[in-house]
Amino acid sequence: MTHLMRAARLHAVGHPMSIDKVERPVAMGSDVVVEVKACGMVPNLANVLANWETWYPQMPLPPRPAIHGLDPSGIVHQVGPQVVNLKPGDRVYVNPGRFCGACHHCSSGRPQACEHWTLGGYFGYNPKSLEMFARYPYGGFAEFMLAPQAQVIKIPDNMSFVQGSRMGYLGTSYAALKKCGALMGKTLIINGATGTLGLGATLFALAMGIGKIYAVARGERLLERLKALAPDRIVTFSNTLGSSGAFVKEQTGGRGADLMLDTLGAKAPLDSMLDAMGGVKRGGRIVNIGGTSGPLPVDVKWWMDEQMELIGSVWFTAAEGMEIAAMIGSGIIDMSVMTAMVWSLEKVNEAISGVGKSDGGFTYYALEI
């Protein structure tokens, strides 16, 4: 017997999503069907849906009509016969990372390097992503979705489903900080610190023992709010006042910070990233998780002479998601500093046009299904 469900689907670029009745997925093999309770709304989704195919034609969107929705959380509804350690009723977050699972990168715990790497419900990274969209065509803007068991992460009871829909951005920040190495007592520049990724990076860096954060952003009001999280460990600077790199060098007696995280949003000016890089000390490490794009005019001799490292970091693994869930469950990370704006599935188009107009990373956006 075929069961139907409600799903918000995009039929054509420039058109609103429609609430359609579609066939509910069925769990087979090692796959899981999750009853979606909430799904995160990417702040830049309106631009992605309207402009992505022009901005990045080599990175495909899901074939239309498409069910988008990047950050789903909910309850396990059905498990395939080969599923282990998950059962109906489990509270979970679904990591949208999709990959082949069989290549050397996947087998060594680096699925983001897989040639099939795809963000389900959002976009792909190369033509092979179309194979992943065909296998897992369901994003989180639906009542039910299909997912591989390896990407389904149990969440603690003190984490609501709406809070679970923030896991994607939290995980991206956390994974980048892990690439920085040990943080205990170190100094860190966070460029774009009051944004969605920047706030998460601040929370995790503090929890992981960072000595000092140099928080760089534009708006002084949000910077003050960020500093209040740890006044003795966060130094703020508005880059509307001058060079952030020069400011950090001044604050550190000319040495610079040990580490830098760039968390700027899509299409942000590269000048800001380049300027902040000037505040990193010799032998420092810079990790980029932001949305800036285009050629970065870096002096490669400076890069060599100063022994600098520049690392790109995309998304996070299921293992890292489990670590985040454990930290939230134990109270190490307190999500109450963030406020959710929530819409119903029927108001998905209102939500898409309404996100990104509040208090930077202190506000996040979700649909309740």
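Our structure's up above, just so we're on the same page.
These numbers come from a predicted model, not from an experiment.

## Quick notes on the sheet that holds strand S11 (residues 187–191)
Within the open sheet, the six strands sit side by side as S13-S12-S11-S14-S15-S16. Their pairing is parallel. Taken across any chain shown, the strands that pair with only one partner, and hence form the sheet edges, are strand S13 (234–238) and strand S16 (309–312). Taking each pair of neighbouring strands and ignoring which way they run, the sheet shows an average axis angle of 20°. Bridge count between S11 and strand S14 (residues 257–262): four bridges; the pairing is parallel.

## Observations concerning the side chain of arginine 9
Looking at the element boundaries, arginine 9 is found in strand S1 (residues 4–9). Among the polar contacts made by the side chain of arginine 9, one reaches the side chain of aspartate 20 at a distance of 2.9 Å. Other than its neighbours up to four places away in sequence, arginine 9 contacts Met17, Ser18, Asp20, Val22, Pro65, Ala66 and Ile67.

## Let's talk about helix H1 (residues 45–55)
Three- or four-residue spacings in an α-helix give side chains the same orientation, since the helix completes a turn every 3.6 residues. Where H1 is concerned, the buried positions are Leu45, Val48, Leu49 and Trp52. An end-on view of H1 places all buried positions within 95° of arc, on one side of the element. Those residues of H1 hidden inside the fold are in contact with strand S8 (123–124) and helix H12 (348–354).

## Observations regarding the sheet that holds S8
Ordered in space as S6-S7-S8, the three strands form an open sheet in which the pairing is antiparallel. The strands lining the two open edges of the sheet, one partner per strand, are strand S6 (97–98) and S8. Alignment of strand S7 (residues 118–119) against S8, held across two bridges, turns out to be antiparallel. Within S8, the position partnered with threonine 118 by the bridge is glycine 124.

## Here we look at the packing of helix H5 (residues 167–179) against helix H11 (residues 318–329)
Remark: H5 packs on H11, axes separated minimally by 10 Å, with the N-to-C direction vectors making an angle of 105°. One element, H5, and the other, H11, form an angle in the roughly perpendicular class. Listed contacts from H11 to Met167, Leu170, Gly171, Tyr174, Ala175 and Lys178 of H5 are Glu320, Gly321, Glu323, Ile324, Met327 and Ile328. Among the residues forming the contact of H5 with H11, the class breakdown is seven nonpolar, two polar and three charged.

## Section: helix H8 (residues 244–251)
Every buried residue of H8 is listed here: Ser244, Gly245, Phe247 and Val248. Along H8, the residues classed as buried sweep out an arc of 160° about the axis, all on the same side. Contact partners of the buried residues in H8: S11, strand S12 (212–217), S13, S14 and helix H9 (270–277). Among the residues of H8, the N-terminal cap falls to serine 243, whose side-chain oxygen and the backbone nitrogen of glycine 245 are separated by 3.4 Å. Positive backbone phi, approximately 65°, marks glycine 253, located one or two places after H8.

## Thoughts on unusual backbone geometry
Cis geometry is found at the peptide bond from arginine 64 to proline 65, where omega equals 0°. Relative to the helices and strands, proline 65 resides in the loop between H1 and strand S4 (71–79). Phi is positive for asparagine 85, close to 70°, though the residue is something other than glycine. Secondary-structure assignment places asparagine 85 in the loop between S4 and strand S5 (91–94). One non-glycine residue, tryptophan 315, lies in the positive phi region at around 55°. Here tryptophan 315 lies in the loop between S16 and H11. Given a relative accessible area of 7%, tryptophan 315 falls into the buried group.

Calculation rules
- Residues numbered from 1 in each chain as written.
- Predicted model: local features only at pLDDT ≥ 70, side-chain atom pairs only at ≥ 80, totals over all residues.
- Heavy atoms only, no water.
- Pairing = 2+ DSSP bridges.
- Helix = DSSP H or I, 4+ residues; strand = E, 2+ residues; numbered from the N terminus.
- Axes fitted to C-alpha atoms, helices over the stretch in contact; angles between N-to-C directions.
- Polar contact = N/O pair within 3.5 Å; in protein donor to acceptor, adjacent residues only side chain to side chain.
- Contact = heavy atoms within 4.5 Å.
- Buried < 20%, exposed > 50% of the residue type's maximum accessible area, 1.4 Å probe, protein only.
- Arc of directions from axis to C-beta.
- Parallel < 35°, antiparallel > 145°, perpendicular 65-115°, else oblique.
- Nonpolar A, V, L, I, M, F, W, Y, C, P; charged D, E, K, R; others polar.

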